[in-house]
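# Coordinate analysis (summary)
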Amino acid sequence: MADFRAHERKLTLKVVFYGPARSGKTTNLMQLHSLLRPQRRGELMVLETRDDRTLFFDVLPIGLRSASGLDLRLKIYTVPGQVQHDSTRKAVLSRADGVIFIADSDPAQQENNATSFENLADNLQKLGMEIERLPLVVQFNKRDCVDAVAEDELQERWRDTPWSPLVMATALQGRGVVETFRRLLEQLYAPLDSECGLTANYGITATTFVRQLSEAGSDGHA
Ligand SMILES: Nc1nc2c(ncn2[C@@H]2O[C@H](COP(=O)(O)OP(=O)(O)OP(=O)(O)O)[C@@H](O)[C@H]2O)c(=O)[nH]1
Ligand SMILES: [Mg+2]
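### Regarding the site of ligand 1
Lining the immediate surroundings of ligand 1 are 22 residues, of which Gly24, Thr26, Thr27, Thr54 and Gly81 lie closest. The biggest single contributor to the shell around ligand 1 is helix 1 (residues 25-35), with three residues.

See below:
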């Protein structure tokens, strides 16, 4: 449920990168930070740990003030993927408006992808949220790995789910990162529009919403 304060003309959304350990959640966040227009993004906070793994979360604020005066903010979080950090994952997931699931294309990681997706469903249920009703995009990262599972096989495997088609990415090179984010913005719009009247009250159409929040910087490849 979005944090909407009509009297303050302020709308804050929470987006969470979820997925197994080392699938590239922090890398996606860092790449988004470097690809988005500087005017849109706030300060990226990545909590470096000795072995490069996220222990709590990383966060990137994104924001804009629309021509109609609505102060629109997005806070993008990552969760720690390591199995033992489940209570932290659940806390970060709480009150999320949308989730981007980062799966790993490495054949050896397919079971970890599945376990993590089940863990997401399980935690959402514990938080009283329904996975089928939540804006959710699934990205398969690390397409540059020589033995990555073939895209056709992955698309086929997910074809009869609400999360098809999957987005392919190589986050390390910035490929597919903004595309994944845009897909989530597209899904976020409809429920927000019914809740807050984005078009009716603020003149923010779906196209404006997606374009403005994912605008690339002049040096971006998006
Ligand atoms: N080859 C390749 N490596 C990647 C890619 N994306 C991320 N990595 C590497 O995978 C490792 C883990 O990436 P992170 O972004 O830290 O993964 P994470 O999902 O945040 O991991 P946790 O915080 O432990 O859950 C790092 O060494 C990254 O450089 C990619 O597209 N291709
Ligand atoms: Mg991380």
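Don't stop here, the text continues.
### A look at helix 1
Counting buried positions along helix 1 gives ten out of eleven residues, so the element sits mostly inside the fold. Every buried residue of helix 1 is accounted for by Lys25, Thr26, Thr27, Asn28, Leu29, Met30, Gln31, Leu32, His33 and Leu35.

### Here we look at the nonpolar core
Counting 53 residues, the largest nonpolar core has Val16 and Phe101 as the members making the most contacts within it. Top element by residues in this core is helix 5 (residues 177-196). It accounts for eight residues.

### Section: unusual backbone geometry
Cis rather than trans, the peptide bond between Ser164 and Pro165 has omega equal to -5 degrees. Mapped onto the elements, Pro165 comes out in the loop between helix 4 (151-158) and strand 7 (167-168). Backbone geometry at Arg9 places phi at a positive 55 degrees, although glycine is not the residue there. Mapped onto the secondary structure, Arg9 falls in the loop between strand 1 (3-5) and strand 2 (10-18). A tally of 16 C-beta atoms within 10 Å means that Arg9 is categorised as partly exposed. Phi is positive for Arg95, close to 65 degrees, though the residue is something other than glycine. For Arg95, the position within the fold is in the loop between helix 2 (86-93) and strand 5 (98-104).

Each value, and the rule that gives it
- Residue indices begin from 1 for each chain and proceed along its sequence in written order.
- As a convention, the first chain written is A and the first ligand written is 1, with the rest following in written order.
- Per-residue local features of the predicted model are confined to residues with pLDDT of at least 70, and side-chain atom pairs are confined, for both listing and counting, to 80 or more; whole-chain, interface and lining totals are unaffected and use all residues.
- To decide nearness, the C-beta atom of each residue is placed from the backbone, and the residue is near a molecule or strand if that atom lies within 6 Å of it.
- Elements are defined by DSSP. Helices are runs of H or I of four residues or more, strands are runs of E of two residues or more, and each kind is numbered from the N terminus.
- The burial criterion counts other C-beta atoms lying within 10 Å of a residue's C-beta, which is placed from the backbone; the residue is buried at 20 or more, exposed at 12 or fewer, and partly exposed between these limits.
- Here, a nonpolar core means buried Ala, Val, Leu, Ile, Met, Phe, Trp, Tyr and Cys residues linked by C-beta atoms lying within 7 Å of one another.

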